[in-house]
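Okay, here's what each chain looks like letter by letter:
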Amino acid sequence: VNDGINGDNCVYLAGTNSGTPWAAKISASGVLTVLSLPNTASLRFVSRIRVTSHGRIIIAGATISASLVVAYVPDGSALDLTFGNGTGYYTNANLTGKTIADIAINQYDEMFIAYKNGSNIQVDRIEPNGSGLATALWTTGTPGTLTITPSVAFSTTQIRLFVDETYDNSTYNLIVAA
């Protein structure tokens, strides 16, 4: 079971049951809503759930052959086909054989996904519509993927991403922890 507390003050839970993804949300008043996620993306594993500022449900997971970021419409009833070049999901060659450890979404709905690559942490910055890696530059001056080399050993389950949006009104800090 993976969880996410989002800007709508709801707690979201997601996981898989016999290879079928499921999700639910719990409102601030304690009301449980089970979301009916169709498995049209063939997910076998779910690692994270988040929700964008527009209510799009984002699931990080994996099929037999690839890790994906899958987008569902706000009620979870269908893939959001405005995401991922009309497919409803995003993936790239960097994710082959990797497990997405965490996902964070900033106030502009840009997504950040972290995964272990050897002894490094890779963080991909994805366009809000899931069309590809963001062309905006990291502070390192490179677009798309950021590589971090920690000084200690870590596992995929220890990687966490946090977006600090209190920095100021126009920028934010992405915090990567392992």
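Worth saying up front: this structure is predicted, and the values here are computed from it rather than measured.

Novice: Any chance you could explain the sheet that holds strand 8 (residues 89–90) here in plain terms?
Specialist: Pairing between the strands of a sheet is mediated by backbone hydrogen bonds and can be parallel or antiparallel. Here four strands make up an open sheet; going across it, the order is 5-6-7-8 and the pairing antiparallel. Because the sheet does not close on itself, it has two edges, and the strands there are strand 5 (45–51) and strand 8. Relative to strand 6 (residues 57–62), strand 5 is paired through six bridges, and the arrangement is antiparallel. Across the sheet, Arg-48 pairs through a bridge with Ala-60, a residue of strand 6.

Novice: Mind showing me how you'd approach the pairing of strand 5 here?
Specialist: The two faces of a sheet get side chains in turn, since along a regular strand they alternate between them. Counting buried residues in strand 5 gives six out of seven residues, a clear majority hidden from the surface. Counting the residues that bridge the hairpin from strand 5 to strand 6 gives five residues, and of these Gly-55 lies at a positive phi of roughly 90°.

Novice: In this structure, what is going on with the side chain of Thr-145? I would like to understand it.
Specialist: Mapped onto the elements of the fold, Thr-145 is located in strand 12 (residues 145–148). Looking at Thr-145, its side chain comes within polar contact range of the side chain of Asn-94, at 3.4 Å. A distance of 2.7 Å separates a polar atom in the side chain of Thr-145 from a polar atom in the side chain of Asp-124. Contacts of Thr-145, omitting those with residues within four sequence positions, involve Asn-94, Tyr-115, Gln-122, Val-123, Asp-124, Leu-133 and Trp-138.

What counts, and at which threshold
Residues numbered from 1 in each chain as written. Predicted model: local features only at pLDDT ≥ 70, side-chain atom pairs only at ≥ 80, totals over all residues. Heavy atoms only, no water. Pairing = 2+ DSSP bridges. Helix = DSSP H or I, 4+ residues; strand = E, 2+ residues; numbered from the N terminus. Buried < 20%, exposed > 50% of the residue type's maximum accessible area, 1.4 Å probe, protein only. Polar contact = N/O pair within 3.5 Å; in protein donor to acceptor, adjacent residues only side chain to side chain. Contact = heavy atoms within 4.5 Å.

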